[in-house]
Amino acid sequence: MSIRVVVADDQELVRSGFSMILEAQQDIAVVAEAGDGAEAVDAVRRHTPDVLLLDIRMPVMDGLEAARRVCAQSSCKVVMLTTFDLDEYVYDALYAGASGFLLKDVRRDDLVHAVRVVAGGDSLLAPTITRRLVADIVRRRREEAATGATPDRLDVLTAREVETLRMLARGLSNAEIATTLFVSEHTVKTHVSNVLSKLGLRDRVQAVICAYETGLVAPGSP
């Protein structure tokens, strides 16, 4: 079964370029293209894709608002596209429910890999964006004495689920977590699902944010 994708970017050459790359894959089908945020939301509603590649800066409706609507109204995974790794909207887009961020100069193979990874339920961030995200979380924690996200929030998790969350925040895959905990990947998937459900999180990206916000993981920790 093919991964259904909508490509949304206000630059026609970028849209067509990404679409051509993805259409060349046997397991991926581009079901629609969109030139602005409003068209992207409508395309998701009409075509029910698995993944939306969404430019963060677009006319009519920007990518941030489009991401909010798509994530609130559907199960479609959103990958934001940006020209700059220090885009001011990165943090807000992830909170809106985006499952990942890619720079527009992404390599062909990395683009295809990103679509497959996100469609499979994982998250994906460019390394420079991950570093910025962590730095921003730390800054916000220092500036806001009461954020509403305290360590007590993790009390609903079992000890094994807390450990799973800690490893997610370190960037480990399900296979790597399984090896570390000496359990099967199926068991890890169950732990991850429980963590997301109990904490009311959409995906692994939001789980990483939660781990840093609650102090479970600190920047630079192994």
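Criteria and thresholds
Residues numbered from 1 in each chain as written. Predicted model: local features only at pLDDT ≥ 70, side-chain atom pairs only at ≥ 80, totals over all residues. Heavy atoms only, no water. Helix = DSSP H or I, 4+ residues; strand = E, 2+ residues; numbered from the N terminus. Buried < 20%, exposed > 50% of the residue type's maximum accessible area, 1.4 Å probe, protein only. Contact = heavy atoms within 4.5 Å. Right-handed = clockwise from strand over helix to strand, strands pointing away.

Visitor: What exactly am I supposed to notice about the environment of Arg116 here?
Guide: With respect to the secondary-structure elements, Arg116 resides in helix α5 (residues 108–119). What makes Arg116 partly exposed here is its relative accessible area of 36%. Beyond its immediate chain neighbours, meaning those up to four positions away, Arg116 contacts Ile3, Gln25, Asp27 and Ile28.

Visitor: How should I be thinking about the pairing of strand β3 (residues 51–55) in this particular structure?
Guide: Residues in a regular strand project their side chains so that they alternate between the two faces of the sheet. For β3, a buried count of 5 out of 5 residues is recorded, marking the element as mostly surrounded by other parts of the structure. In β3, alternate side chains face the same way, and those of Val51, Leu53 and Asp55 on one face and Leu52 and Leu54 on the other are all buried. What joins β3 to strand β4 (residues 77–82) is helix α3 (residues 63–73), and the crossover it makes is right-handed.

Visitor: Help me understand unusual backbone geometry, please; the structure alone is not making it clear to me.
Guide: Trans is the prevailing form of peptide bonds, just as negative phi is the prevailing case for residues other than glycine. If you check the backbone angles, Thr48 has positive phi at about 40° while not being a glycine. Following the sequence through the fold, Thr48 ends up in the loop between α2 (37–47) and β3. The phi torsion at Val60 lies on the positive side, around 70°, for a residue other than glycine. Along the chain, Val60 turns up in the loop between β3 and α3.

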